[in-house]
Amino acid sequence: MRISAAKQKYLRQLPAIDKLLEHEKLQEAFRSGSREITVEAAQQVIAAKREQILMCPSEESLQGIDISPTTLVQEILDTIENRNVLGLKRVLNATGVLLHTNLGRAPLPKAALEAVNAAGVGFSNLELSLGTGKRSTRYQHVEKLICHLTGAEAALVVNNNAGAVFLALNSLASGTEVVVSRGELVEIGGSFRIPEVMTRSGCQLREVGTTNKCYLEDYRNVINENTALLLKVHTSNFKIMGFTATVEVHKLSRLGREYDIPLMEDLGSGMLVDLTSYGLPYEPRVQDSLKGGADLVTFSGDKLLGGPQAGIIAGRRKYIEKIKKNQLLRALRVDKMTLSALEATLRLYLDQEKALKEVPVLRMLTISEEKLLTRARDLHTRLQKNLQGYFGVEISREKARVGGGSMPLVSLPSCQVSLKPVSLSGEAVAERLRTAKSPVLCRIRKGQVLLDLRSIQEDEDELLAETVVEVLETVVPPEKEKEKEQ
Ligand SMILES: *Cc1c(COP(=O)(O)O)cnc(C)c1O
């Protein structure tokens, strides 16, 4: 590549690293930190500038690259500081989508975090029975609890629900046929598709019925000596409407008993409480499926259950025992942090009222509209006071969603504070919020930025207000900028 004369000239103007390091502020950085880190940061910043100059498309835009010593020194100091900032961090979810796979799904209950802290700070009795002093299994800490809450005889926990389905299929039906209704061959987020998972687990898929209708007789007609499992999959992320028929769990299980074939239901969402009294539609609970006769149920720990990422398999002892013996369990096993968070989350469910108060997902699902409106008004007042003139600030009443592949048709009444920027695009405002020190994720609608309070936890309101003010106060419309200069 030929480097133009203008670029060469600009490159020569870049200060030498040694020279830069003489700057008072960097000398200070030497004293308070390590010389090596400061030098490395200086090299990084200079290398980035060099690259920027070389890639610059035109000579006019060269002038836009700031290489003044003050800027370079500041960039070096920022680079040093950023070394200590964690990449994976808390974000404020003002999108109005409660369970967002990109945002880590369920926020954990405080009790879960305390448990992780307690079990993680030192050693733990992960695989030790303190009573006998003998070796035990890691699953001991949650199995009884899951059984108590769901009515299952036995239970097992693995890394996630995709793993749970895979492991169960592989353990119970490898080399044989599994019957599934055509309308339940779902795909969950990208790479998890029931037919593919089935193939990978060594089973042969036996589809029955049509996309919209499936009858008990359809199942009966394909059962043969090679059939090992009936599988029912909760269509958790879509709905087939209109002219439809599916076979209920209790009927399928009766059919299974007739032929001595177990029934497994993949529920996905992992609901343990009935929220219909809060105006939400009925979502099948784990205990309903087991009571209805499912021999095994699989579900996620971090969807509607509101705990850590995990896959739970609950049901009849003889099948769980078989799954426990599968060598693949080792590859899918959960660690002590997941187990302690899950145990603490499940314990909250021993008292349903407590679960509704302390499991963030349940709290967000059931919070009243009045409360949301009060919080929105507080935020509105605060933003109005600080951002007036630069933004139109209003309250809007759009719907929120459950998300994360759960309750696809449910729209939850919600409240937002909407910001209409005078001089910026909605996207530009969203970017500033997203790249803040405490990143805020929002929704954009017709050039306005919506901050939905249903997906924000109440104790985050203050941080949200502070961050939005801090980030957007600096957005001065161009005409104001000119006024200031005059
Ligand atoms: C979400 C879901 C899964 C996958 O669960 P993960 O915990 O994301 O692995 C599988 N089946 C159903 C029905 C689901 O809803």
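K.L.:
Hey, could you run me through the overall build of the protein in this one?
P.N.:
Counting secondary structure elements, the protein contains 22 helices and 18 strands. Seen along its three principal axes, the alpha-carbon backbone of the protein occupies a region of about 85 × 50 × 50 Å. Taking all 486 residues of the protein together, 48% fall into the buried category. Residue pairs at least 24 apart in sequence account for 75% of intrachain contacts in the protein once pairs closer than 6 positions are excluded. Total accessible area on the protein stands at roughly 25,000 Å², and carbon and sulfur atoms take up 50% of it. Of note, the protein has its 65 positive side-chain charges centred 3 Å away from the centre of its 61 negative side-chain charges.

K.L.:
So what exactly am I meant to see when it comes to the pattern of salt bridges here?
P.N.:
Pairs can form between side chains of opposite charge once their charged atoms are near each other. Counted under the stated rule, the structure contains 26 salt bridges. A salt bridge links Lys110 to Asp459, with the shortest nitrogen-to-oxygen separation between them at 3.0 Å. In this pair, Lys110 is assigned in helix α7 (residues 110-121) and Asp459 in the loop between β18 (448-452) and α21 (461-472), connecting sequence segments 349 residues apart. On the basis of relative accessible area, Asp459 is assigned to the partly exposed category, the value being 48%.

K.L.:
What's the story with the site of the ligand in this structure? I'm lost.
P.N.:
If you check the shell around the ligand, you find Arg105, Asn160, Asn161, Ala162, Ile188, Phe192, His234, Ser236, Asp266, Gly268, Ser300 and Lys303 and nothing else. Separating an oxygen atom of the ligand from a backbone N or O atom of Ala162 is a distance of 2.8 Å. In this structure, Ser300 approaches the ligand through a side-chain N or O atom, which is 2.6 Å from an oxygen atom. Here the ligand has 380 Å² of accessible area as a free molecule, and 94% of this is covered by the chains. At the level of secondary structure, the elements contributing two or more residues to the shell around the ligand comprise α9 (161-173) and β9 (263-268).

K.L.:
Honestly, the pairing of strand β14 (residues 406-413) in this entry has me stumped. Any pointers?
P.N.:
Each regular strand displays side chains that alternate between the two surfaces of the sheet. By the bridge criterion, four bridges tie strand β13 (residues 399-403) to β14 in an arrangement that is antiparallel. Within β14, the position partnered with Lys399 by the bridge is Pro413. In this antiparallel pair of consecutive strands, β13 and β14, the connection spans two residues, and Gly404 shows a positive phi of 60°.

K.L.:
Explanation requested: the nonpolar core in the structure shown.
P.N.:
One recurring pattern in soluble globular proteins is that nonpolar side chains are buried together. Membership of the largest hydrophobic core comes to 89 residues, with the highest contact counts inside it found for Leu169, Val178, Leu346, Tyr349, Leu362 and Leu365. Tallying contributions element by element places α9 first for this core, with seven residues. Lining this core are residues from two domains, each supplying at least three of them: domain 2 (92-99 + 366-485) and domain 3 (110-358). Ignoring sequence-local partners within four residues, the contact set of Val178 consists of Leu169, Ala173, Met198, Cys203, Gln204, Leu205, Arg206, Leu229 and Leu231.

K.L.:
In this structure, what is going on with the environment of Arg333? I would like to understand it.
P.N.:
By the secondary structure assignment, Arg333 is in the loop between α15 (329-332) and α16 (336-348). On the accessibility criterion, Arg333 (33% relative accessible area) is partly exposed. Each C-alpha atom of the pair Arg333 and Asn159 lies 5.8 Å from the other, and the pair is 174 residues apart in sequence. Discounting chain neighbours no more than four positions away, the residues touching Arg333 are Glu127, Arg138 and Tyr139.

Procedures and definitions
- Residues numbered from 1 in each chain as written.
- Predicted model: local features only at pLDDT ≥ 70, side-chain atom pairs only at ≥ 80, totals over all residues.
- Heavy atoms only, no water.
- Helix = DSSP H or I, 4+ residues; strand = E, 2+ residues; numbered from the N terminus.
- Buried < 20%, exposed > 50% of the residue type's maximum accessible area, 1.4 Å probe, protein only.
- Contact = heavy atoms within 4.5 Å.
- Areas by Shrake-Rupley, 256 points an atom, 1.4 Å probe, with all protein chains shown as cover.
- Lys, Arg positive; Asp, Glu negative; His and termini not counted.
- Charge placed at Lys NZ, Arg CZ, Asp CG, Glu CD.
- Salt bridge = Lys/Arg side-chain N within 4 Å of Asp/Glu carboxyl O.
- Near = heavy atom within 4 Å.
- Polar contact = N/O pair within 3.5 Å; in protein donor to acceptor, adjacent residues only side chain to side chain.
- Pairing = 2+ DSSP bridges.
- Core = buried A, V, L, I, M, F, W, Y, C linked by side-chain atoms within 4.5 Å.
- Domains from an automatic or database assignment.

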